[in-house]
Amino acid sequence: MAAATGGDKPPLYQQVKRELLAAIAAGEYAPGRPFVTQREICERFNVSHATAVRALNDLANEGYVVRRRGQGTFVADRPPAASAPSDKTIACVLQNQGPHVGQILTGIEEVCADLGYRLFLNHCENDPAREEKVLWNALEHQVSGIIVYPAEGSTVITPYAEARRRGVPLVMVDRYRPDLATDAVVADNMAVGRELTTALIEAGHRTIATLWDEIDVTSIRDRLAGHVQALREHNIPVRPDLTVLRRYREQSAEARRAMLNELLRGSQPPTILLCSNGYALATVAQDLVALGLEVPGDIDLACMDDAGPFDVLPLTAAAISLPARDMGRQTMTLLHERVTGAATETQLLVLPVTVQKRQTSAGYMRISRLEQGA
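Everything numeric in this text was worked out from a predicted model, so none of it was measured.

Rules and cut-offs
Residues numbered from 1 in each chain as written. Predicted model: local features only at pLDDT ≥ 70, side-chain atom pairs only at ≥ 80, totals over all residues. Heavy atoms only, no water. Helix = DSSP H or I, 4+ residues; strand = E, 2+ residues; numbered from the N terminus. Phe/Tyr/Trp six-rings, centres within 6.5 Å; stacked < 30°, edge-to-face > 60°. Lys NZ or Arg CZ within 6 Å of the ring centre and 35° of its normal. Expected span 1.5 Å × (residues − 1). Buried < 20%, exposed > 50% of the residue type's maximum accessible area, 1.4 Å probe, protein only. Contact = heavy atoms within 4.5 Å. Polar contact = N/O pair within 3.5 Å; in protein donor to acceptor, adjacent residues only side chain to side chain. Pairing = 2+ DSSP bridges. Right-handed = clockwise from strand over helix to strand, strands pointing away. Axes fitted to C-alpha atoms, helices over the stretch in contact; angles between N-to-C directions. Parallel < 35°, antiparallel > 145°, perpendicular 65-115°, else oblique. Left-handed = near helix turned anticlockwise from the far one by under 90°. Salt bridge = Lys/Arg side-chain N within 4 Å of Asp/Glu carboxyl O.

## Some thoughts on unusual backbone geometry
Piece 1. Val-295 connects to Pro-296 through a cis peptide bond whose omega is -15 degrees.
Piece 2. Here Pro-296 shows up in the loop between helix 11 (278-290) and strand 10 (300-303).
Piece 3. Of note, the phi angle at Gln-142 is positive, near 55 degrees, even though the residue is not glycine.
Piece 4. With a phi angle near 75 degrees, Asp-174 is a residue other than glycine that sits in the positive phi range.

## Structural notes on the packing of aromatic side chains
Piece 1. Here the structure, examined in full by the defined rule, presents one aromatic pair.
Piece 2. Residues Tyr-29 and Phe-35 carry aromatic rings whose centres are separated by 4.9 Å and whose planes lie at 70 degrees to one another, so their mutual orientation is edge-to-face.
Piece 3. Over the ring of Tyr-13 we find Arg-54; its NZ or CZ atom is 3.9 Å from the centre of that ring.
Piece 4. Directly above the aromatic system of Tyr-248 lies the positively charged group of Arg-256, at a separation of 5.9 Å from the ring centroid.

## Details of helix 11
Piece 1. Across its 13 residues, helix 11 extends 19 Å between first and last C-alpha, which sits within 8% of the 18 Å expected from 1.5 Å per residue.
Piece 2. Of all 13 residues in helix 11, ten are buried, a share of seventy percent or more.
Piece 3. Of the positions making up helix 11, those classed as buried are Gly-278, Ala-280, Leu-281, Ala-282, Thr-283, Val-284, Ala-285, Asp-287, Leu-288 and Val-289.
Piece 4. Looking at the buried side of helix 11, the elements it contacts are strand 8 (208-211), helix 10 (253-264), strand 9 (272-275) and strand 10.
Piece 5. Capping the start of helix 11, Asn-277 holds a side-chain oxygen 3.1 Å from the backbone nitrogen of Tyr-279, two or three residues further along.
Piece 6. Backbone geometry just after helix 11 places Gly-292 at a positive phi near 80 degrees.

## Description of the pairing of strand 9
Remark: a regular strand shows side chains that alternate across the two faces of the sheet.
Piece 1. Side-chain alternation along strand 9 places Ile-272 and Leu-274 on one buried face and Leu-273 and Cys-275 on a second face that is also buried.
Piece 2. Bridge count for strand 8 against strand 9 is four bridges, and the pairing is parallel. Pairing of Thr-210 across the sheet is with Leu-274, part of strand 9.
Piece 3. In the sheet, strand 9 pairs with strand 10 via four bridges, with the strands oriented parallel. Its bridge partner being in strand 10, Cys-275 is matched across the sheet by Cys-303.
Piece 4. With helix 11 bridging strand 9 and its parallel neighbour strand 10, the resulting β-α-β unit is right-handed.

## Observations regarding the packing of helix 5 (residues 128-140) against helix 6 (residues 158-166)
Axis angle and axis distance: for two packed helices, these are the angle between their axes and the distance between the axes, and together they describe the pair.
Piece 1. Between helix 5 and helix 6, the shortest axis-to-axis distance is 9 Å and the interhelical angle comes to 20 degrees. Judged by the inter-axis angle, helix 5 sits roughly parallel to helix 6. In the crossing of helix 5 with helix 6, the sense of the turn from one axis to the other is left-handed. Here Glu-131, Glu-132, Leu-135, Trp-136, Leu-139 and Glu-140 of helix 5 come into contact with helix 6, specifically with Thr-158, Pro-159, Tyr-160, Glu-162, Ala-163 and Arg-166.

## A short note on the sheet that holds strand 9
Piece 1. Ordered in space as 8-9-10-11-13, the five strands form an open sheet in which the pairing is mixed. The open sheet is flanked by strand 8 and strand 13 (354-357), the only strands paired with a single partner. Each strand of the sheet is rotated relative to its neighbour by a mean of 25 degrees, with strand direction disregarded.
Piece 2. Contacts from helix 7 (residues 189-202) reach strand 8, strand 9, strand 10, strand 11 (318-321) and strand 13 within the one sheet, and its direction differs from that of strand 11 by about 155 degrees.

## Things to note about the pattern of salt bridges
Piece 1. Using the criterion set out here, one finds 19 salt bridges in the structure.
Piece 2. A salt bridge links Asp-241 to Arg-239, with the shortest nitrogen-to-oxygen separation between them at 2.7 Å.
Piece 3. In this structure Asp-241 comes out as partly exposed when scored by relative accessible area, which is 37%.
Piece 4. The structure contains a network of salt bridges with shared partners spanning Glu-110, Arg-325 and Arg-329.

## Here we look at the side chain of Arg-177
Piece 1. Locating Arg-177 in the fold gives a position in the loop between strand 6 (170-173) and strand 7 (183-187).
Piece 2. Here the side chain of Arg-177 touches Asp-179 through a polar contact of 2.9 Å, side chain to side chain.
Piece 3. If near-sequence neighbours (up to four positions away) are discounted, Arg-177 is found in contact with Glu-131, Pro-150, Ser-154, Thr-155, Val-156, Ile-157, Tyr-160 and Met-172.

## Overview of the sheet that holds strand 6
Piece 1. The strand order across the open sheet formed by six strands is 4-3-5-6-7-12, and the pairing between neighbours is parallel. Edge strands, defined here as strands with exactly one partner in the open sheet, are strand 4 (118-123) and strand 12 (348-351). Put simply, the sheet's adjacent strands are angled 15 degrees from each other on average, direction ignored.
Piece 2. The pairing of strand 6 with strand 7 spans three bridges and is classified as parallel. Within strand 7, the residue paired with Met-172 across the bridge is Ala-184.

Next up, the structure:
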């Protein structure tokens, strides 16, 4: 383990301590059995004796290990009981900002106000390292519970394991981690892909290309599965070139437009582009204008949710409306039930979504190259 150099990293002894806590939580050291020695810590983590002593002292002071004169250090027979928080405080860990996340937060705040909780809020900008740091801070401040909107592709494990070991309730919102047994509240993302695709097929579209933003999250993988299911239910071949799960927004403008040209100039071009969210939709709309294409006319657009920088419906043939505010309310309600002991079994709450069609929009927007400078 290298010494901490960045200002965002915890002190080296805390890094060692957390690694040892994770090992205890994972069962590497059984209760009542000898614990790792000071010398072994130095060798394992490549740290000084002072760092090893401080990490061991913290573990002993907090009750994770016990020292027996003349025998050594042993894992405590029972984990220390977490001290009761001085007030009802909830840590909320979010990853992105925008209307969708804002509505989730509004729902959480409403229930917090109703139930008398204080909210400790952090936006981690889809950075797993920041997510991990915030989770450890929440545990160190002995919060009553934690709400997490997990980062894309996050493999952070240790603070989640420690929260479970300490008995700190934790609920995920909008997406879940298949590798972690936690409560979660999500939209019905299978229905997002299935119902939206069905609506497009019923409107006459049989060649549908998908464009994605994030890809390594459960919500997106469920949407793709629902999309494929709808195609098969209507006996439409699943074309890998139209359903491939690849990032669109992260590419350069030149690469994105080359990909669109390849899709739209093929022998069987799509009649509609199905975007994973409003941010992907906004980007593809700009790219289509740059290519001299009109929407609708040359190509049409659809969107799998209404999360984005603006109202997506006027630009789309159809879009999904997510129950973001209700997701926030349900998440905080479930967390409160955990805090008070009213809920016992792990739950995955799946909330329904709504398909909005162009006919139901108060306004309708056409984009073309002539409007590029408007």
